[in-house]
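A structural walkthrough
Listed below, chain by chain, are the residues.
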Amino acid sequence: MSLGPVILDLEGLELTTEEHELLRHPAVGGVILFSRNYRDPDQLAALTKAIHALREPRLLVSVDQEGGRVQRFREGLTRLPPAARFGQLARGNPHHARQAAEAVGWLMAAELITLGVDFSYAPVLDLDRGVSGVIGDRAFADTINGVSELSRAWCEGVKDAGMAAVGKHFPGHGGVAADSHAELPIDGRCFMEIEMEDLVPFERLVRHGLEAIMPAHVLYPQVDARPAGFSPFWLKEVLRGQLAFQGLIFSDDLNMGAAAAGGSYPDRARAALDAGCDVLLICNNRPAALEMVDSLRHFDDPTMHLRCLRMHGRGGLDRAHLHLDPRWQKGVRAVGALEELGSLNLDL
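First things first, this report covers the structure right here in the doc. Not measured: the values here are computed from a predicted model. (Residues numbered from 1 in each chain as written. Predicted model: local features only at pLDDT ≥ 70, side-chain atom pairs only at ≥ 80, totals over all residues. Heavy atoms only, no water.)

1. With respect to the sheet that holds strand 6 (residues 119-120)
The strand order 6-3-2-1-10 describes an open sheet built from 5 strands, whose pairing is parallel. A single partner strand is all that each edge strand has here, and the edge strands are strand 6 and strand 10 (280-282). Here strand 1 (residues 6-9) runs beside strand 10; their pairing, made up of 3 bridges, is parallel. Bridging across to strand 10, L8 finds its partner in I282. (Pairing = 2+ DSSP bridges. Helix = DSSP H or I, 4+ residues; strand = E, 2+ residues; numbered from the N terminus.)

So this is what it looks like as structure tokens:
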């Protein structure tokens, strides 16, 4: 059975009877895990093993494990710094900052892969314009080169560990104050301004083999009448055409407030697919997830199936001996140095 186009969430620490059946639905392609699905590394390894045993090819297991305030799994794993910490370091030592980003990217990916998690929805490629509270320190920097260089180094570490990266939020979420989880943000800039600034980190990462991208639930009315995640212009003409991106396009969560512009849940799903998304996220709304997967029971896209296969973790790392790996130790040292940098900044 091929993987379907829907990624959905789970209720708790183990699969329920309903979830055993739901995850076998032909429209389901994987799961996204949250803090409620995590107790400790042993429990997570058992959960991902149960998920992977349900289908062949195995379902994708994903999480938001960026670092800082967006890290779903904490106890028993390394506490990761926010992306902005690398940008702070880069102001004094750009080379050291790139090395740290690569080391911490490897660390994040290695810890997850040994526990059966295929990928994290990261890195954030948005510019920190000092406007968006929902982005803020999740961005590497406030400059094009800062974001591009640090995210590239981070992705190199992730790739070396055997994990695919997911750049977000295309074409840029840093220029709006509204939180798309609750409402639809509106960015009034023209296409040329976005193209010359916010698009650049995405373009550079695409050239270096970025495997997946997630569009923003943001409306750019001077460019298109539809939010980016529902816009054929942004996804087909710009991302696929102008940037020549060949990887997987994830929708952002179709249960977010900003996604209401797409209509009912089946309508949102169809609109996102028609716009150019390959895979759809639906979180924290089981009735909506059931409605969505049933509406897509007969959906079939061979190109999407091939793109999904690239998202499986492929590290082959040994969990029992991970802490003895010099790369893990290097990553932990980098985290410690970045924590110390954060403390010094707070003292100032």
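2. Some remarks on the nonpolar core
F170 and F250 are the most contacted members of the largest nonpolar core, which has 112 residues in total. With 12 residues, the single largest contributor to this core is helix 4 (residues 94-113). Setting aside residues up to four positions removed in sequence, F170 forms contacts with L199, F202, I213, M214, P215, A216, A228, W234, L235, V238, L239 and L243. (Core = buried A, V, L, I, M, F, W, Y, C linked by side-chain atoms within 4.5 Å. Buried < 20%, exposed > 50% of the residue type's maximum accessible area, 1.4 Å probe, protein only. Contact = heavy atoms within 4.5 Å.)

3. Some details on helix 4
Think of an α-helix as 3.6 residues a turn; residues three or four steps apart then line up on the same face. Across its 20 residues, helix 4 extends 29 Å between first and last C-alpha, which sits within 8% of the 28 Å expected from 1.5 Å per residue. Among the 20 residues in helix 4, 14 count as buried, and that is most of the element. (Expected span 1.5 Å × (residues − 1).)

4. Some remarks on the packing of helix 9 (residues 265-275) against helix 10 (residues 286-295)
Direction vectors running N to C along helix 9 and helix 10 enclose 55°, while the axes themselves pass 8 Å from each other. Judged on the interaxial angle alone, helix 10 and helix 9 are oblique. With respect to the hand of their crossing, helix 9 and helix 10 are arranged in right-handed fashion. Seen from helix 9, the contacting residues are Y265, P266 and A269; seen from helix 10, they are A288, E291, M292 and S295. Looking at side-chain class alone, the contact of helix 9 with helix 10 contains 5 nonpolar, 1 polar and 1 charged residues. (Axes fitted to C-alpha atoms, helices over the stretch in contact; angles between N-to-C directions. Parallel < 35°, antiparallel > 145°, perpendicular 65-115°, else oblique. Left-handed = near helix turned anticlockwise from the far one by under 90°. Nonpolar A, V, L, I, M, F, W, Y, C, P; charged D, E, K, R; others polar.)

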